[in-house]
Amino acid sequence: MRSLVFAIAWAALIGLLQTALLMWRGEALTGRSAAVVLVMTSSGFLGAFCAWGVASLLTFRRRKGRLPARFAAMILSLTLGTTGFAALGFFLQLRAYYSEWHTTTLSMQMFWEFAFTAASSSYVFAVLSARPLLPFAFLPLLAFSWYFARIEPSRRV
């Protein structure tokens, strides 16, 4: 239950940050900007939910230094989870857009198209979401990781 509340809170924070950044830059809420907010919010939810499990597994057997280990594991897991799912979301959007012109048969051309779509989606992710969120999401990242480190893990398996 805590992991679900944690993921919802992180997703809400990421969605609000992305919306605030769009409004601060003077962009209108269009379909494109709403899609960016939706991708970032959903990636925040999925990333935080998976990060809770990964960080718990990484520090499950740890007896000494549990607090710093849980803190570091959550920072790493939450960062990689959120950015990974955001990059995947942008990749799926670009893949759906370019699927009209891409080949559907399994061939070398399909692998090239897949690779270049993945490369362009990672560029789109870096420009649209990672750079603007970095200075503003850093302190909440530390706060969420501190919360995770402070709670006592259950010993049930």
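So, how was this worked out
Residues numbered from 1 in each chain as written. Predicted model: local features only at pLDDT ≥ 70, side-chain atom pairs only at ≥ 80, totals over all residues. Heavy atoms only, no water. Helix = DSSP H or I, 4+ residues; strand = E, 2+ residues; numbered from the N terminus. Expected span 1.5 Å × (residues − 1). Buried < 20%, exposed > 50% of the residue type's maximum accessible area, 1.4 Å probe, protein only. Axes fitted to C-alpha atoms, helices over the stretch in contact; angles between N-to-C directions. Parallel < 35°, antiparallel > 145°, perpendicular 65-115°, else oblique. Left-handed = near helix turned anticlockwise from the far one by under 90°. Nonpolar A, V, L, I, M, F, W, Y, C, P; charged D, E, K, R; others polar. Phe/Tyr/Trp six-rings, centres within 6.5 Å; stacked < 30°, edge-to-face > 60°. pLDDT = per-residue confidence, 0-100. Patch = residues over 30% accessible without salt bridge, like charges linked within 9 Å, V, L, I, M, F, W, Y side chains within 5 Å. Areas by Shrake-Rupley, 256 points an atom, 1.4 Å probe, with all protein chains shown as cover. Salt bridge = Lys/Arg side-chain N within 4 Å of Asp/Glu carboxyl O. Lys, Arg positive; Asp, Glu negative; His and termini not counted.

A. Inspection of helix H1 (residues 2-24) at higher detail. Over its 23 residues, H1 extends 32 Å from the first C-alpha to the last, a length consistent with the 33 Å expected when each residue adds 1.5 Å. All of the buried residues in H1 are Ser3, Phe6, Ala7, Trp10, Ala11, Ile14, Gly15, Leu17, Gln18, Leu21 and Leu22. Looking at the residues trailing H1, positive phi occurs at Gly26, about 80 degrees.

B. Broad picture of the packing of H1 against helix H2 (residues 31-58). Where H1 contacts H2, the axes come no closer than 8 Å and their chain directions differ by 150 degrees. By the angle class used here, H1 and H2 are roughly antiparallel. The two elements H1 and H2 cross, and the hand of that crossing is right-handed. Across the contact of H1 with H2, the residue classes tally to 15 nonpolar, 7 polar and 1 charged.

C. Region of the structure containing the packing of aromatic side chains. Applying the stated criterion to the full structure yields 9 aromatic pairs. Consider the rings of Phe6 and Phe144, whose centres lie 5.3 Å apart with planes at 65 degrees: the pair is edge-to-face. Here the residue Phe6 occupies a position in helix H1, and Phe144 occupies one in helix H4 (residues 108-150), the gap between them amounting to 138 residues. We note that Phe6, like Phe144, is buried. Here the aromatic residues Phe6, Trp10, Trp52, Phe144, Tyr147 and Phe148 are joined through ring pairs into a cluster of three or more.

D. Region of the structure containing the confidence of the model for the protein. Across the protein, the average pLDDT comes to 84, with 91% of residues at or above 70. When mean pLDDT is taken per element in the protein, H1 scores highest with 90 and H4 scores lowest with 83.

E. Region of interest: a nonpolar patch on the surface. On the surface, a cluster of nonpolar side chains totalling about 520 Å² of accessible area is made up of Met1, Leu4, Val5, Ile8 and Phe49. By residue number, the principal contributor to the nonpolar patch is H1, which donates 3 residues. Tracing the sequence through the fold places Val5 in helix H1.

F. The side chain of Arg95, seen in detail. Relative to the helices and strands, Arg95 is located in helix H3 (residues 66-98). Nearest to the buried, unbridged Arg95 among oppositely charged side chains is Glu113, at 5.0 Å.

G. Fine view of the environment of Ala126. The residue Ala126 is located in helix H4 in this model. With relative accessibility at 37%, the residue Ala126 sits in the partly exposed group. Residues Ala126 and Thr83 lie 43 residues apart in sequence; the distance between their C-alpha atoms is 9.4 Å.

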